[in-house]
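Remarks on the overall topology
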Amino acid sequence: MTGRASTPDRGPGPRPEREPARQRVLRAARQALRVLAVELGTPTEPGTPLLGSVRSPWLRRLPYVVAFGFAVSLLPTTINVLGNDYGLEGGLVGALATAQSVPLLLAVTRPLQAWWVIFAADVLGAVALIGADGVAGRAWPWPPMEIVGYLALMLALSLRERRRTLTAVWLTTGVAGLLSQVFTPDGSNNTWVLMFVLTGVVLMMGATLRERGDAQRKLIEQETISEAERARRTLLEERARIARELHDVVAHHMSVITVQAASAPYRISGLPGEAEEEFGAIAATARESLAEMRRLLGVLRSEEAEQQGGPEKTPQPGIGMLPKLVEGTVRAGVPVELALPEEPVALEPAVDLSAYRIVQEALANVVRHAPGAPTRVSVTVAADGARLTVLIVNSAPSAPSAPLETTGTGHGLIGMRERVRLVDGSLDTGPLPDGGFRVAARLPLAPPPSQASPLSTTKDAHSV
């Protein structure tokens, strides 16, 4: 008894492994032919002209001009060569020449369909030349004019179709040339290798140019999208910044409501119990609103404020602080002239803050973009007392100077527009003929003094 395992005798019959292997090969071949047929029968963007997406009208017409030039020059050349040199009959010569050259006009919009026509015509031409009298000593199966027209078609095809389709066209061309070797006429100069190599080179070069153009277009589109997203993010950041600054203004009004509601039973005698309860409910609601506003401020707080340990403790500025702002700008090397109203102007806190920030952003832009330019800042009240006009005008840039604020105070014109929109005002900006720049903002003034203002009621409440 041996230690080897016994194996059954398979006998002299055929091995069953050969049949599955043959089936796998046939299945792979059928799948390859199916993929080849799909690629050669599915054009990309049929009907769309080559270079149809470029802006220049001359470049859009260029493919039509080139195709027309090739068709007009190759048609009589093919007729002459096939008829006089190769000795084909006149009717066949005209049909072959037309089928090999005129479809180049179709290649501008449908290059894959044009390839089917021209390739079939070239194959039929090669078959017709087998028995021709003048084929000895001449190019076969692809005469020179057919090679030129086919390469022009390959250029149009490579600028439109995907790489798999181009590979299928190239392989089909090579297979057709390889099969033609079986019927090569005696004494002819075989050109199928030249045709195969030149076709591959042109297809590769055209595909590279097309892919490079596609990459550049995608890059431009991505830059456009990124610029739009950047502008949108800038706008949202500026709105959040304005909301944080207006928190103090809104919190002040809520504090006034709380004080008024809480002190009403002490300031007004003879209030019924229901009224006292109502005032107490109003005060409680106002206090809850203040707490919610503090939470909202925490959400809107910027990363810089978080790193600094919390929100800013300084009060929000107004037009009363413009002299100090102008003084700092002058120290930075920008001569600034300031003109303010002679009489104090009662402004809503939002309007007062917006006027200051508009001047601040305008002066910062002068320092950045027109250093040393003489600048005039004027704040005036309209004759009807309905609006406040803030005007900042600078002349042409002069010698450079150090920037006033290296980190910036906002987002320039975007911040100005948002602040003006916030108070229902208007903004007019633009360059001047002398090279300077102008910023004009018109902001509505506070309500008439006859109406009770929150500040006056606050004073009354604290005086009780």
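Cut-offs and rules
Residues numbered from 1 in each chain as written. Predicted model: local features only at pLDDT ≥ 70, side-chain atom pairs only at ≥ 80, totals over all residues. Heavy atoms only, no water. Patch = residues over 30% accessible without salt bridge, like charges linked within 9 Å, V, L, I, M, F, W, Y side chains within 5 Å. Areas by Shrake-Rupley, 256 points an atom, 1.4 Å probe, with all protein chains shown as cover. Salt bridge = Lys/Arg side-chain N within 4 Å of Asp/Glu carboxyl O. Lys, Arg positive; Asp, Glu negative; His and termini not counted. Charge placed at Lys NZ, Arg CZ, Asp CG, Glu CD. Helix = DSSP H or I, 4+ residues; strand = E, 2+ residues; numbered from the N terminus. Buried < 20%, exposed > 50% of the residue type's maximum accessible area, 1.4 Å probe, protein only. 1 Å grid on protein atoms, 1.4 Å probe; cavity = no way out; pocket = protein on both sides within 12 Å on 5 of 7 lines; lining within 4 Å. Points joined across faces, edges and corners; volume = space filled by probe spheres on them. Nonpolar A, V, L, I, M, F, W, Y, C, P; charged D, E, K, R; others polar. Axes fitted to C-alpha atoms, helices over the stretch in contact; angles between N-to-C directions. Parallel < 35°, antiparallel > 145°, perpendicular 65-115°, else oblique. Contact = heavy atoms within 4.5 Å.

Considering a positive patch on the surface
Taken together, the side chains of Arg24, Arg27, Arg30 and Arg34 make up a positively charged region of the molecular surface. Mapped onto the elements, Arg34 comes out in helix α1 (residues 18-41). Here Arg34 falls in the exposed class, since its relative accessible area comes to 52%.

Topic: empty space enclosed by the protein
Throughout the structure, instances matching the rule amount to one cavity of 30 Å³ or more. When its volume is computed, the largest cavity comes out at roughly 50 Å³. Lining of the largest cavity is provided by Leu74, Thr78, Gln100, Ser101, Ile118, Asp122, Met145, Glu146 and Gly149. When contributions to the lining of the largest cavity are tallied by element, the ones reaching two or more residues are α2 (57-85), α3 (90-101), α4 (111-130) and α5 (144-158). Per-element accounting of the lining of the largest cavity gives the leading share, three residues, to α5. Broken down by class, the residue content of the lining of the largest cavity amounts to three nonpolar, four polar and two charged.

Focus on unusual backbone geometry
With the exception of glycine, the majority of residues adopt a negative phi angle, and the majority of peptide bonds are in the trans configuration. Here the residue pair Trp140 and Pro141 is connected by a cis peptide bond, since its omega of 5 degrees sits within 30 degrees of zero. With respect to the helices, strands and loops of the structure, Pro141 is situated in the loop between β1 (139-140) and α5. One non-glycine residue, Leu51, adopts positive backbone phi at about 60 degrees. Mapped onto the elements of the fold, Leu51 is located in the loop between α1 and α2.

Comments concerning the packing of α4 against helix α6 (residues 163-179)
Relative to each other, α4 and α6 sit at 0 degrees, their axes nearing to 13 Å. Considered as vectors, α4 and α6 are oriented roughly parallel to each other. Across the interface between the two elements, Leu112, Trp115 and Phe119 from α4 touch Thr165, Val169, Thr172, Thr173 and Ala176 from α6. A breakdown of the residues in the contact of α4 with α6 according to their chemical character gives five nonpolar, three polar and no charged.

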